[in-house]
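If you want the building blocks of each chain, they are given just below.
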Amino acid sequence: MVTGADPESGYDDTQSHTHHRTRTPRATHRRARPAITTIRITRIETVPMTPVEYDTAVEALAVLIARYERTHPDP
């Protein structure tokens, strides 16, 4: 297991704590854009991946799923 990994989610949260930057909120003078509510898939393209690219993609998907589960807990 990776040091700093969250055992419940399987997500390594170590990098998010390495740089503590203070964010200064920007003043926005524009209205927020409405959320995209409809998506249409126009085509699907299949591209072969190397085993390393596949492993990287699987890891990235696992991180996204872990983040979603952490921010959207079951009721």
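Along each chain, the written sequence defines residue order, and numbers are assigned to residues from 1. Per-residue local features of the predicted model are confined to residues with pLDDT of at least 70, and side-chain atom pairs are confined, for both listing and counting, to 80 or more; whole-chain, interface and lining totals are unaffected and use all residues. Excluded from the side-chain calculations are hydrogens and water; all other atoms, namely the structure's heavy atoms, are used.

1. What about the overall build of the chain?
And step 1. Within the chain, the regular secondary structure consists of 1 helix and 2 strands.
And step 2. Helix and strand definitions here come from DSSP, where helices need a minimum of 4 consecutive H or I residues and strands a minimum of 2 consecutive E residues; each element is numbered from the N-terminal end. Reading the chain from its N terminus to its C terminus gives the helix and strand order β-β-α.
And step 3. Of all 75 residues assigned to the chain, the portion counted as buried reaches 4%.
And step 4. Surface accessibility of the chain: about 8300 Å² in total, with carbon and sulfur atoms responsible for 56%. Burial classes follow relative accessibility: with a 1.4 Å probe on protein chains only, a residue under 20% of its type's maximum area counts as buried, one over 50% as exposed, and anything between as partly exposed. Here the open area of atoms and residues is found with the Shrake-Rupley method and a 1.4 Å probe, where only the protein chains shown may cover a residue.

2. A few points about the pattern of salt bridges
And step 1. What makes a salt bridge here is a side-chain nitrogen of Lys or Arg within 4 Å of a carboxyl oxygen of Asp or Glu, nothing more. Scanning the model with the defined rule gives 1 salt bridge in all.
And step 2. For Arg43, the salt bridge goes to Glu45, with nearest N and O atoms at 3.3 Å.
And step 3. The exposure class assigned to Glu45 is exposed, which follows from its relative accessible area of 57%.

3. Let's talk about a nonpolar patch on the surface
And step 1. On the surface, a nonpolar cluster with roughly 570 Å² of combined accessible area is contributed by Ile36, Ile39, Ile41 and Ile44.
And step 2. As for its position among the elements, Ile44 is in the loop between strand 2 (11–12) and helix 1 (51–71). Nonpolar side chains (Val, Leu, Ile, Met, Phe, Trp, Tyr) are joined into patches within 5 Å and like charges within 9 Å, using only residues with over 30% relative accessible area and no salt bridge.

4. Regarding the confidence of the model for the chain
And step 1. The predicted model of the chain averages 75 in pLDDT, with 60% of residues at 70 or higher.
And step 2. Element-level mean pLDDT values for the chain span from 50 in strand 1 (residues 5–6) up to 95 in helix 1.
And step 3. Below a pLDDT of 50 lies the segment residues 15–19, which in the model reaches 0 contacts outside its immediate sequence neighbourhood of four places, other chains included. Per-residue confidence from the predictor is reported as pLDDT, which spans 0 to 100. Note on contacts: a residue pair is in contact if any heavy atoms of the two residues lie within 4.5 Å.

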